[in-house]
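Residues per chain are reported as follows:
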Amino acid sequence: QVQLVESGGDLVQPGGSLRLSCVASESISSFTSVGWYRQAPGKERRFVATTTSDGSFYYADAVQGRFLVSRDNAKNTVYLQMDNLQPEDTAAYFCNAILKRLSDSVPQSFWGQGTQVTVSS
């Protein structure tokens, strides 16, 4: 039922910026958290950043100070502003939403299909 659609990935030069968007099929306020993961070819998917329902923000050490999560509840959208991009940031970026309702035995996790970010000169 829950669908997440990422967009905004592109080819950029080192030092460039991108803003990724994750549009959810329902209110992002209903999710325990909405965040971002990334996966480079041949590597495991790793945490990048997230925002939680209590208003907290968390970032991986590799992106802290360069990436910023924001949200627009009216548009059911979470953004990932990425500044000073480096080749090491090259990966497919995936939106992830966690939903925990009182009726759920365990939290549910939902994923988008990913958007490609390539940082290269």
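Nothing here was measured: the structure is a model prediction, and the numbers come from that model.

A. Up close: unusual backbone geometry. Look at N76: it is not a glycine, yet its phi comes out positive at around 55 degrees. Along the chain, N76 falls in the loop between strand 7 (67-72) and strand 8 (77-82).

B. Inspection of the state of the cysteines at higher detail. If you walk through the whole model with that rule in mind, you get one disulfide. The disulfide bridge from C22 ends at C95, spanning 1.9 Å between sulfur atoms. Between C22 and C95, the disulfide has an S-S torsion of -80 degrees and is therefore left-handed. Of the two residues, C22 sits in strand 3 (residues 18-24) while C95 sits in strand 9 (residues 91-99), which places them 73 residues apart along the sequence. Residue classification places C95 among the buried positions, given a relative accessible area of 0%.

C. Looking closely at the sheet that holds strand 8. Taken in spatial order, the four strands make up an open sheet running 1-3-8-7, and their pairing is antiparallel. Pairing within the sheet leaves two strands with one partner each, and these edge strands are strand 1 (4-7) and strand 7. Direction aside, neighbouring strands of the sheet carry axes that sit 15 degrees apart on average. Across six bridges, strand 7 lies against strand 8 in antiparallel orientation. By the bridge assignment, S70 is partnered in strand 8 with Y79.

Calculation notes
Residues numbered from 1 in each chain as written. Predicted model: local features only at pLDDT ≥ 70, side-chain atom pairs only at ≥ 80, totals over all residues. Heavy atoms only, no water. Helix = DSSP H or I, 4+ residues; strand = E, 2+ residues; numbered from the N terminus. Disulfide = S-S within 2.5 Å. Buried < 20%, exposed > 50% of the residue type's maximum accessible area, 1.4 Å probe, protein only. Pairing = 2+ DSSP bridges. Axes fitted to C-alpha atoms, helices over the stretch in contact; angles between N-to-C directions.

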